[in-house]
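Okay, here's what each chain looks like letter by letter:
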Amino acid sequence: ALLLSWNDPLLLLTSEAPTLSHPQNGAIYSKTRELQDQSNSLSSGLDRLIHKIGSSTKSLSPLPFQGGDLGSDKNSRLINFYFLLSCFRRDSHKIDNFLKLLRCRAAKQDRC
């Protein structure tokens, strides 16, 4: 559910990155696209891993995302952009640890 919940915020980050008043907004945009692609890849890998274990992702629903924009002035937009990226980094570590746990469980099932 946590991984699914990042679809809309990552889409917002990707759409807002080119409009940021930052000298490196092109690099920031390409990085957000890369994060979005990695999230999609993780999602498909997670589906395969959960299927291998015998569970289902159909009962999962993403957490609601309330943010529609990053703010009106350039400073608040940059601060909110950075905050959203830092939240993504924190959550991606949680997702990574969860996937490691699932891989271990899948490996144990293969040995049985």
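All values derive from a computational prediction rather than experimental measurement. (Residues numbered from 1 in each chain as written. Predicted model: local features only at pLDDT ≥ 70, side-chain atom pairs only at ≥ 80, totals over all residues. Heavy atoms only, no water.)

**Q** Can you walk me through the pattern of salt bridges in this structure?
**A** A side chain of one charge can pair with a side chain of the opposite charge if their charged atoms are brought near each other. Per the counting criterion, the structure on display carries six salt bridges. For Glu34, the salt bridge goes to Lys31, with nearest N and O atoms at 3.4 Å. Of this pair, Glu34 and Lys31 both sit in helix H3 (residues 25-53), three residues apart, which is roughly one turn of that helix. Residue classification places Lys31 among the partly exposed positions, given a relative accessible area of 44%. Of the charged contacts, one joins Lys100 and Asp96 as a salt bridge, the two residues approaching to 3.4 Å between their closest N and O atoms. Taken together, the residues span about one helical turn, with Lys100 and Asp96 both in helix H4 (residues 74-111) at a distance of four residues. A residue is classified by how much of its surface remains accessible, and Lys100, at 42% relative accessible area, is partly exposed. Each of the salt bridges in this network shares a partner with another, and the network as a whole consists of Arg90, Asp91 and Lys94. (Salt bridge = Lys/Arg side-chain N within 4 Å of Asp/Glu carboxyl O. Helix = DSSP H or I, 4+ residues; strand = E, 2+ residues; numbered from the N terminus. Buried < 20%, exposed > 50% of the residue type's maximum accessible area, 1.4 Å probe, protein only.)

**Q** What am I meant to see in the packing of aromatic side chains here?
**A** In this description, a pair of aromatic rings is defined by centroid distance and the angle of the planes. Counted by the stated rule, this structure contains one aromatic pair. Ring plane angle 80° and centroid distance 5.0 Å describe the contact between Trp6 and Phe88, whose orientation is recorded as edge-to-face. Note that Trp6 is positioned in the loop between helix H1 (2-5) and helix H2 (7-16) and Phe88 in helix H4, a separation of 82 residues in sequence. Here Trp6 matches Phe88 in class, with each residue buried. (Phe/Tyr/Trp six-rings, centres within 6.5 Å; stacked < 30°, edge-to-face > 60°.)

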